[in-house]
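Residue-level listing of the chains:
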Amino acid sequence: MAIERTFSIIKPDAVRRNLIGKIVAKFEENGLRPVAMKKIKMTRAQAEGFYAVHKERPFFGELVEQMIASPVVVQVLEGENAVLKNREIMGATNPANAAEGTIRKLFALNMGENSVHGSDSPENAAIEIKFFFTDDEIVG
Ligand code: CMP
């Protein structure tokens, strides 16, 4: 299995509750290495652009409000099979359906405030990484 990169956001609900370290530890313990990381406060334009695929969904407005409410941590994670591995570590989008030991089972509050975002495919990972990082910010 080749080394792959994926994109991750530690969302406002988790940053507000001082969970950055615990969440990064989950990635590291499971073989994913942060090769780029920054704490930012997303603008409305960034949040609307990043989640544009969801703009017709009924939850879009609330999702954008939640993502811009307070800072997030954006990361590039690297490791074997990183996209799928990250999704396994995160657990299901709805924490009610998330498996034991996953980040969303441990920390998520509800579907919207679900603590983390992760890319759903290698193609989207490449797009999402470029949305937040320049090549020289990815330092290995
Ligand atoms: P995320 O992986 O960041 O991608 C889109 C987000 O929309 C998702 O996690 C959830 O936080 C949020 N969301 C809110 N309601 C829904 C829903 N019904 N289905 C999917 N995602 C939802």
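All of the points below concern the structure found in this document. Remember, it's a predicted structure, so these values are computed and weren't measured experimentally.

Comments concerning the overall build of the protein
When its secondary structure is counted, the protein shows 7 helices and 4 strands. Taken from N to C terminus, the helices and strands of the protein fall in the order β-α-α-β-α-α-β-α-α-β-α. For a compact globule of 140 residues, the expected C-alpha radius of gyration is about 14 Å, and the protein comes in at 14 Å, within 12% of that figure. With the C-alpha coordinates of the protein rotated into their principal frame, the extents come out at 40 × 35 × 25 Å. Taken across its 140 residues, the protein has 45% of its residues classed as buried. Taking the intrachain contacts of the protein between residues at least 6 apart in sequence as the baseline, contacts between residues at least 24 apart amount to 77%. In the form shown here, the protein has an accessible surface area of approximately 7,300 Å², with 52% of it arising from carbon and sulfur atoms.

Description of the pattern of salt bridges
Between side chains of opposite charge, a pair can form when the charged atoms approach closely. Under the criterion given, the structure shown has 7 salt bridges. The closest approach of N and O atoms between Lys105 and Glu100, which form a salt bridge, is 3.8 Å. Exposure remark for Lys105: the relative accessible area of 36% places this residue in the partly exposed category.

Some words on the nonpolar core
Nonpolar side chains tend toward joint burial in soluble globular proteins. Counting 21 residues, the largest nonpolar core has Phe7, Ile9, Met42, Met67, Val74, Phe132 and Phe133 as its most contacted members. Mapped onto this core, the elements with two or more residues apiece are strand 1 (3-10), strand 2 (33-40), helix 3 (44-50), helix 4 (60-68), strand 3 (72-80) and helix 7 (122-132). Here this core takes 5 residues from helix 4, the largest share from any one element. Those residues in contact with Ile9, other than ones at most four positions away along the chain, are Met42, Phe50, Met67, Val72, Val73, Val74, Ser115, Val116 and His117. Membership of the second largest hydrophobic core comes to 16 residues, among which are Ala14, Val73, Ile103 and Phe107.

Structural notes on the site of the ligand
Taken together, the residues surrounding the ligand are Lys11, Tyr51, His54, Arg57, Phe59, Leu63, Thr93, Arg104, Met111, Gly112, Asn114 and His117. A distance of 3.3 Å is found between an oxygen atom of the ligand and a backbone nitrogen or oxygen belonging to Gly112. Within the side chain of His117, a nitrogen or oxygen atom sits 3.1 Å from an oxygen atom of the ligand. In isolation the ligand exposes 450 Å². Once the protein is present, 78% of that is buried.

Some points on the pairing of strand 3
Burial of strand 3 is extensive: 7 of the 9 residues sit out of reach of the surface. In this sheet, strand 3 lies alongside strand 2 in antiparallel orientation, the contact comprising 7 bridges. For Ala36, the partnering residue across the bridge sits in strand 3 and is Val76.

Concerning unusual backbone geometry
The phi dihedral of Asn18 falls on the positive side, at around 60°, and the residue is not glycine. Structurally, Asn18 can be placed in the loop between helix 1 (12-16) and helix 2 (20-29). In this structure Asn18 comes out as exposed when scored by relative accessible area, which is 68%. Unusually for a residue other than glycine, Ser115 sits at a positive phi of about 70°. As for its placement among the helices and strands, Ser115 is situated in the loop between helix 6 (103-107) and strand 4 (116-118). Ser115 gets classed as buried once you look at its relative accessible area, which sits at 0%.

What counts as what
- Residues numbered from 1 in each chain as written.
- Predicted model: local features only at pLDDT ≥ 70, side-chain atom pairs only at ≥ 80, totals over all residues.
- Heavy atoms only, no water.
- Helix = DSSP H or I, 4+ residues; strand = E, 2+ residues; numbered from the N terminus.
- Rg over C-alpha atoms; globule rule 2.2 N^0.38 Å.
- Buried < 20%, exposed > 50% of the residue type's maximum accessible area, 1.4 Å probe, protein only.
- Contact = heavy atoms within 4.5 Å.
- Areas by Shrake-Rupley, 256 points an atom, 1.4 Å probe, with all protein chains shown as cover.
- Salt bridge = Lys/Arg side-chain N within 4 Å of Asp/Glu carboxyl O.
- Core = buried A, V, L, I, M, F, W, Y, C linked by side-chain atoms within 4.5 Å.
- Near = heavy atom within 4 Å.
- Polar contact = N/O pair within 3.5 Å; in protein donor to acceptor, adjacent residues only side chain to side chain.
- Pairing = 2+ DSSP bridges.

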